[in-house]
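Residues per chain are reported as follows:
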Amino acid sequence: MQITLDVKGMTCGHCKSSVKGALEELKGVTSVEVDLGSGKVDVTYDDALVKVEDMHEAIEDQGYDVVA
C-alpha cells in the first residue's frame, strides 16, 4: 500500500530526518520519502502489519502535526 501524509511543522533537515526515522522504525513500513518544501510524506507499507493511525502517532510523537 502507499499513502501520502500531509505533515505540518517540518522546517529543516533535522525535521525531515526525525519524521523519516520514526516511520521507518514501524514494522511494516518499507519506504519513506519526505518532501520538506511541501510537507508531503509518501509512505509505502504493508497494511497487514501497520495501520495509518500508527504512522500518525509516530509523527506526532516527534512533535509534528498530521493533517487529515
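Residues numbered from 1 in each chain as written. Predicted model: local features only at pLDDT ≥ 70, side-chain atom pairs only at ≥ 80, totals over all residues. Heavy atoms only, no water.

**As for the overall build of the protein**
Next up, step 1: A tally of regular secondary structure across the protein gives two helices and four strands.
Next up, step 2: In sequence order, the protein lays out its α and β elements as β-α-β-β-α-β.
Next up, step 3: Computed over the C-alpha atoms, the radius of gyration of the protein is 11 Å, within 12% of the 11 Å expected from 2.2 N^0.38 for a compact globule of 68 residues.
Next up, step 4: Its C-alpha atoms give the protein principal-axis dimensions of about 30 × 20 × 20 Å.
Next up, step 5: Evaluated residue by residue, the protein yields a buried proportion of 34% over its 68 residues.
Next up, step 6: Considering only contacts in the protein between residues 6 or more positions apart, those separated by 24 or more positions represent 58%.
Next up, step 7: Carbon and sulfur atoms make up 47% of the accessible area of the protein, which amounts to about 4000 Å² in all.
Next up, step 8: In the protein, 6 side chains carry a positive charge and 14 a negative one; their mean positions are 3 Å apart. (Helix = DSSP H or I, 4+ residues; strand = E, 2+ residues; numbered from the N terminus. Rg over C-alpha atoms; globule rule 2.2 N^0.38 Å. Buried < 20%, exposed > 50% of the residue type's maximum accessible area, 1.4 Å probe, protein only. Contact = heavy atoms within 4.5 Å. Areas by Shrake-Rupley, 256 points an atom, 1.4 Å probe, with all protein chains shown as cover. Lys, Arg positive; Asp, Glu negative; His and termini not counted. Charge placed at Lys NZ, Arg CZ, Asp CG, Glu CD.)

**Let's talk about helix α2 (residues 52–61)**
Residue pairs spaced three or four apart in an α-helix point in one direction, given the helix's 3.6 residues per turn.
Next up, step 1: Considered for burial, the residues of α2 that qualify are Met55, Ala58 and Ile59. Taken end-on, α2 shows its buried residues confined to a sector of 95°, consistent with a single buried face. Exposed residues lying more than 90 degrees from the buried face of α2 are Glu53 and Asp61.
Next up, step 2: For α2, the secondary structure elements touched by its buried residues are β1 (2–8), α1 (13–24), β3 (40–45) and β4 (65–67).
Next up, step 3: Two residues or fewer past α2, Gly63 is found with a positive phi of approximately 100°. (Arc of directions from axis to C-beta.)

**Side note on the UniProt feature "domain: HMA" (unreviewed entry) in the protein**
Next up, step 1: When the UniProt feature table is mapped onto this chain numbering, "domain: HMA" (unreviewed entry) sits at residues 1–67.
Next up, step 2: Strand forms 34% of residues 1–67 and helix 33%; the C-alpha atoms that close the span are 19 Å apart. (UniProt positions renumbered as here; feature names shortened; annotations may be inferred.)

**Regarding α1**
Next up, step 1: Here α1 is twelve residues long and its end C-alpha atoms lie 16 Å apart, about the 16 Å a rise of 1.5 Å per residue gives.
Next up, step 2: Turning to α1, its buried residues are Cys15, Ser18, Val19, Ala22 and Leu23. Taken end-on, α1 shows its buried residues confined to a sector of 120°, consistent with a single buried face.
Next up, step 3: Buried residues along α1 sit against β2 (29–35), β3 and α2. (Expected span 1.5 Å × (residues − 1).)

**Structural notes on the nonpolar core**
Next up, step 1: The biggest cluster of nonpolar side chains holds 17 residues, and the ones touching the most others in it are Met10, Val19, Leu23, Val41, Val43 and Ile59.
Next up, step 2: Excluding anything up to four places from it in sequence, Leu23 contacts Val29, Val32, Val41, Val43, Met55 and Ile59. (Core = buried A, V, L, I, M, F, W, Y, C linked by side-chain atoms within 4.5 Å.)

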